[in-house]
Amino acid sequence: MNWNVILIRYGELSLKGRNQKLFEDRLIRNIREKLKDYESVRVTREHGRLFVELGEHPAEPIMELLKDVFGIVSFSPAIRINSQIEEMEQTAANIFSSYPGISTFKVESRRADKRFPIRTGEINPRIGSYILDHFPHAKVDVHHPELEIKVEVRIKGTYIYGKETAGVGGLPVGTSGKVLLMLSGGIDSPVAGYLALKRGVELHAIHFHSHPFTSERAKQKVLDLSQTLTRFGGKIRLYVVPFTHIQTEIRKHCYENYSITIMRRMMLRIAEKVAKQYDLKALFTGESLGQVASQTLESLQAINDVTTIPILRPLISMDKTEIMQIAKKIGTYETSILPYEDCCTVFVPEQPKTKPTIKVCEREEQKMEVEELVSEAVEGIEIVDFHL
Amino acid sequence: MHYLDNSATTKPYKAVIETVSWMFEHTYANPASLHGLGFQAEQTAEDARKKLADELHAKPSEIIFTSGGTEANNLAIHGVVNRYQNRGKHIITSTIEHDSVYEVFQKLEQEGFAVTYLSVDENGMISLEELQASLTNETILVSVMHVNNEMGAVQPIAEIGHLLTGYPKVFFHVDAVQSFTKIPIDVQTMKIDLLSVSAHKFHGPKGIGALYLRKNKQIAPLLIGGGQEMGIRSGTLAVPLIAGMAKALEITIAKRESFLQNTHIWKTELLTSLTSLKRIRINGEKGVPYILNFSCVGLKSEVLVRALEDETVFVSSKSACSSKKESPSRVLLAMGRKRSEAISGIRISMGMLTTATDISHCQKALQNVIPTLQQWIKV
């Protein structure tokens, strides 16, 4: 089909006033960014509706890209023609025949441009009978049509729409402020990042690297995952924290079965410091209740205790299979399952404590120079920026 | 930078790079073409073929060029079994072969061949008695490597060859990728039927190697096409790479004697240095002087590899770290090493370009790094 525009539907019902404007501006910016490789394609707004003007470009690859943009509820390809009834009939018939295997349809028209001489009640039967005349297998079904052909007569011309495709929903990235994602190389944390982006945040991520105990390939995995998330987030900033000294200090001074809990507490302290420094409003993690020893309620409590910054855990009640499904959908799964761990088994205790207490954590941490270690790690941070 | 991973691959000699580059520019004709340029290319390939043959005490017509060691090994094994499986379906190899032999045997086993995997002792040596006891009327192939790529053990190739002269139906294949040019090989006295070599292990180009095939012995080809290399390996000859391989061969042979003397001294130095450290186990001490393998028990090899890299020393490990999937070295396990030893094997391998400075630097790095890392490990 030679579609020449795509209509984009967006917006949550609750959005009003200034928020609405902010939302729209940001959504347009994000769509333009996503489509930047298509130089002649333009994104326009009129009467509270967004259009992608395709020019000569085929619609399919662009519709694929729109599926990744948060804030879009649905979209439909359309053909804009002159408001002439013969042209409208022919175009509607072409659209009908471009969906093979479809036989039942319905025409629904709106006449916003009242100068158009034919009334709505007459447009539908004219176009409908034209299709019926040309396609013997075509049947009208006003209740459950396989294809609804929408016709809109507007001042600029008439739009005839094809099938509506669902978008990803959510809020446009950049409308909800900035957050910091704890990004390991595993399956869960990139999914948490995706869900954070879905609610319109701008994503920053933090990763802890323990050279030589973890490999360059493990770090590369995190770089690759960050790049993958730009598909949804546009741009992502990654903080890579040198973590070896903290690991070895924990090893040296603390109870072995508390090492994971204390390691997580140290990570949170560093993350909080980074968040404050860069005005990031919350932390996101890929924790899922009870999945591993460090994700029991007792562990979460012991870990959470070191900070007051909100820690948001979008996966908290998801099963591993659900998380894996999303990871596959967003293209992070294949990278995540590569066999390079973010934390080498050198530091994994035989029996990590599943019910650690804050009191013991604090006592163990007194054996280390916590403040200095945190500052040293933050100072050693390497920043890597990713964009689409 | 101190590159001590020469069993993985070597840096090409400058002269090799120049030869290959010159050849790519000037001798680009197809050696099978009838014009003068083709003849020139053919002559270059034939000169190289003769050099390889001379080094093996073979005839030029017994050399088949391949893309490297993996192809030579595959061609040898598949070539024999595809042609002679009607004579018997029993084949013999060892538990410590390179993957390009071992995995082929595994595949053939799945396809219905009876396979004997000869065990090795704690020094990584097979036993002639076990080999003899394994031979049956059905046996058509024995494939044993000369020098092991992980820990350097040298198998008694001449003795095996001699033993197999009593079994005329049996082909004897030797994977000589780690020994060719470094240790003299005589296919006549060693009674070898097939032997694989690879250029990039002796400072030649990657992507070229050869298979020696004894005269009057037939094998089935893997690649069918233009019938080059007497129909056994179709495909236009990579003349520039072949010339590069011959150049590397020439230079390496000239350095061989001093190389073996030096590496002997260096290996001894490194071994002495290592024994002063705790929890070190040497693997295959008696092997070739240019390969040294040790396990630093409790410390995964990849951690040590990365820590040594920080000291600009480049060595190898055989195990990949992952808490979910640890892969111990199959070779070290075959030598009876414990799992903890087999996941912590480190290989230092020297080449013709290795210097005394590389070794002393490596020695210092080991002394620095190992005790530091050992503080953090669980034993």
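Conventions we followed
Residues numbered from 1 in each chain as written. Chains lettered and ligands numbered in written order. Predicted model: local features only at pLDDT ≥ 70, side-chain atom pairs only at ≥ 80, totals over all residues. Heavy atoms only, no water. Pairing = 2+ DSSP bridges. Helix = DSSP H or I, 4+ residues; strand = E, 2+ residues; numbered from the N terminus. Axes fitted to C-alpha atoms, helices over the stretch in contact; angles between N-to-C directions. Parallel < 35°, antiparallel > 145°, perpendicular 65-115°, else oblique. Contact = heavy atoms within 4.5 Å. Nonpolar A, V, L, I, M, F, W, Y, C, P; charged D, E, K, R; others polar. Core = buried A, V, L, I, M, F, W, Y, C linked by side-chain atoms within 4.5 Å. Buried < 20%, exposed > 50% of the residue type's maximum accessible area, 1.4 Å probe, protein only. Domains from an automatic or database assignment. Buried area = accessible area lost by both parts, 1.4 Å probe. Salt bridge = Lys/Arg side-chain N within 4 Å of Asp/Glu carboxyl O. Right-handed = clockwise from strand over helix to strand, strands pointing away. Polar contact = N/O pair within 3.5 Å; in protein donor to acceptor, adjacent residues only side chain to side chain. UniProt positions renumbered as here; feature names shortened; annotations may be inferred. Expected span 1.5 Å × (residues − 1).

1. Concerning the sheet that holds strand 12 (residues 235-242) of chain A
Residues and elements named next belong to chain A.
Stage number 1. Here six strands make up an open sheet; going across it, the order is 14-13-10-11-12-15 and the pairing mixed. Each edge of the open sheet carries a strand with a single partner, namely strand 14 (311-312) and strand 15 (382-387).
Stage number 2. Relative to strand 13 (residues 283-284), strand 10 (residues 178-182) runs parallel, the two being bridged by two bridges. Each bridged residue has a counterpart across the sheet, and for Leu180 the counterpart in strand 13 is Leu283.

2. Considering the sheet that holds strand 13 (residues 345-349) of chain B
Residues and elements named next belong to chain B.
Stage number 1. Across the sheet, four strands lie side by side as 9-10-13-12; this open sheet has antiparallel pairing. Single-partner strands in this sheet number two, and they are strand 9 (280-283) and strand 12 (316-317).
Stage number 2. Where strand 10 (residues 291-296) meets strand 13, five bridges bridge the pair, whose relative direction is antiparallel. Within the sheet, the bridge partner assigned to Leu292 lies in strand 13 and is Ile348.

3. Focus on the packing of helix 7 (residues 244-253) of chain A against helix 13 (residues 370-379) of chain A
Residue and element names in this part refer to chain A.
Stage number 1. Two elements in contact, helix 7 and helix 13, have axes separated by 9 Å at closest approach and are oriented at 155 degrees. Put simply, helix 7 runs roughly antiparallel to helix 13. Contacts between helix 7 and helix 13 involve His245, Ile246 and Glu249 on the former and, on the latter, Leu373, Glu376 and Ala377.
Stage number 2. For the contact of helix 7 with helix 13, the per-class residue count stands at three nonpolar, one polar and two charged.

4. A short note on the nonpolar core
Stage number 1. The biggest cluster of nonpolar side chains holds 96 residues, and the ones touching the most others in it are Ile192, Leu195, Phe294 and Leu304 of chain B.
Stage number 2. With 13 residues, helix 7 (residues 239-275) of chain B is the largest single contributor of residues to this core.
Stage number 3. In terms of domain composition, this core takes at least three residues from each of domain 1 (14-250) and domain 2 (255-374) of chain B.
Stage number 4. Setting aside chain neighbours within four positions, we find Leu195 of chain B in contact with Leu56, His173, Val174, Ala176, Ile185, Val187, Ala210, Leu211 and Tyr212 of chain B.
Stage number 5. Within the second largest apolar cluster, 47 residues are counted, among which are Leu54, Ala59, Phe116 and Ile149 of chain A.

5. A look at the domain arrangement of chain B
All names here are of chain B.
Stage number 1. Under the domain assignment used here, chain B contains domain 1 (14-250) and domain 2 (255-374).
Stage number 2. Each partner contributes to the interface: domain 1 provides 27 residues, whereas domain 2 provides 24 residues.
Stage number 3. Together domain 1 and domain 2 conceal approximately 2,100 Å² of surface at their shared face, both sides included; 52% is due to carbon and sulfur atoms.
Stage number 4. Of all residues in domain 1, the largest losses of buried area upon contact with domain 2 belong to Glu150, Met151 and Lys182, amounting jointly to 35% of the total for that side.
Stage number 5. Linking domain 1 with domain 2 are three salt bridges, by the criterion used here.
Stage number 6. Across the pair Asp99 and Arg330 runs a salt bridge whose closest N-O atoms are separated by 2.7 Å.
Stage number 7. Looking at side-chain class alone, the side of domain 1 that touches domain 2 contains nine nonpolar, 11 polar and seven charged residues.

6. Comments concerning the pairing of strand 5 (residues 104-111) of chain A
Remark: a regular strand shows side chains that alternate across the two faces of the sheet.
Residues and elements named next belong to chain A.
Stage number 1. With six of eight residues buried, strand 5 lies mostly within the body of the structure.
Stage number 2. As judged from the two bridges shared by strand 5 and strand 6 (residues 139-140), these two strands associate in the parallel manner. Paired with Thr104 across the bridge in strand 6 is Lys139.
Stage number 3. For the handedness criterion, the β-α-β arrangement of strand 5, helix 4 (residues 120-134) and strand 6 is classed as right-handed.
Stage number 4. In this structure, strand 5 lies alongside strand 7 (residues 147-154), joined through seven bridges in parallel fashion. Its bridge partner being in strand 7, Arg111 is matched across the sheet by Val153.

7. Focus: helix 5 (residues 188-198) of chain A
Residues and elements named next belong to chain A.
Stage number 1. Extensive coverage of helix 5 is indicated by the burial of 10 of its 11 residues.
Stage number 2. Every buried residue of helix 5 is listed here: Asp188, Ser189, Pro190, Val191, Ala192, Gly193, Tyr194, Leu195, Ala196 and Leu197.
Stage number 3. Next to the buried residues of helix 5 lie strand 10, strand 11 (202-209), helix 6 (216-233), strand 13, helix 10 (320-330) and helix 11 (333-336).
Stage number 4. Where helix 5 terminates, the next one or two residues include Gly200, which has phi positive at roughly 85 degrees.

8. Quick look at the side chain of Lys34 of chain A
All names here are of chain A.
Stage number 1. Looking at the secondary structure, you find Lys34 in helix 1 (residues 17-34).
Stage number 2. When its relative accessible area of 10% is taken as the criterion, Lys34 is described as buried.
Stage number 3. At 2.7 Å, the side chain of Lys34 forms a polar contact with the backbone oxygen of Arg231.
Stage number 4. Contacts of Lys34, omitting those with residues within four sequence positions, involve Leu65, Asp68, Val69, Arg231 and Leu388.

9. Observations regarding the UniProt feature "binding site: ATP" (unreviewed entry) in chain A
Residues and elements named next belong to chain A.
Stage number 1. In the numbering adopted here, UniProt assigns the feature "binding site: ATP" (unreviewed entry) to Met182, Leu183, His207, Phe208, Arg264, Gly286 and Gln295.
Stage number 2. Take Met182: it is sitting in strand 10.
Stage number 3. Classification of Met182 as buried rests on a relative accessible area of 9%.
Stage number 4. With sequence-adjacent residues up to four places away left out, Met182 is seen in contact with Ser189, Ile206, Phe208, Met267, Leu268, Ala271, Phe284 and Thr285.
Stage number 5. Of note, Arg264 is situated in helix 8 (residues 259-277).

10. A word on helix 3 (residues 69-84) of chain B
Stage number 1. Helix length check: helix 3 of chain B (16 residues) gives 22 Å between terminal C-alpha atoms against 22 Å at 1.5 Å per residue, within 8%.
Stage number 2. In terms of burial, helix 3 of chain B is a largely internal element, 13 of the 16 residues being buried.

11. Side note on the side chain of Thr27 of chain B
Residues and elements named next belong to chain B.
Stage number 1. With respect to the helices, strands and loops of the structure, Thr27 is situated in the loop between helix 1 (14-26) and helix 2 (36-56).
Stage number 2. For Thr27, a relative accessible area of 4% corresponds to the buried category.
Stage number 3. Once residues lying within four places of it in the same chain are set aside, the contact partners of Thr27 are Trp22, Gln40, Ala41, Thr44, Val239 and Pro240.

12. Description of unusual backbone geometry
Stage number 1. Residue Pro212 of chain A is bonded to the preceding His211 of chain A through a cis peptide linkage, with omega at 0 degrees.
Stage number 2. Secondary-structure assignment places Pro212 of chain A in the loop between strand 11 and helix 6.
Stage number 3. Positive phi outside glycine occurs at His203 of chain B, with the angle close to 70 degrees.
Stage number 4. Position of His203 of chain B relative to the elements: it lies in the loop between strand 7 (194-198) and strand 8 (209-213).

13. Here's the deal with the pattern of salt bridges
Stage number 1. Here the structure, examined in full by the defined rule, presents 43 salt bridges over all chains.
Stage number 2. Its salt-bridge partner being Asp193 of chain B, residue Lys217 of chain B comes within 3.9 Å of it at the nearest N-O pair. In this pair, Lys217 of chain B sits in the loop between strand 8 and helix 7 while Asp193 of chain B sits in the loop between strand 6 (171-175) and strand 7, placing the two residues 24 residues apart along the sequence.
Stage number 3. Given a relative accessible area of 7%, Asp193 of chain B falls into the buried group.
Stage number 4. Within this structure, Lys21, Glu24, Asp25 and Arg45 of chain A form a network of salt bridges that share partners.

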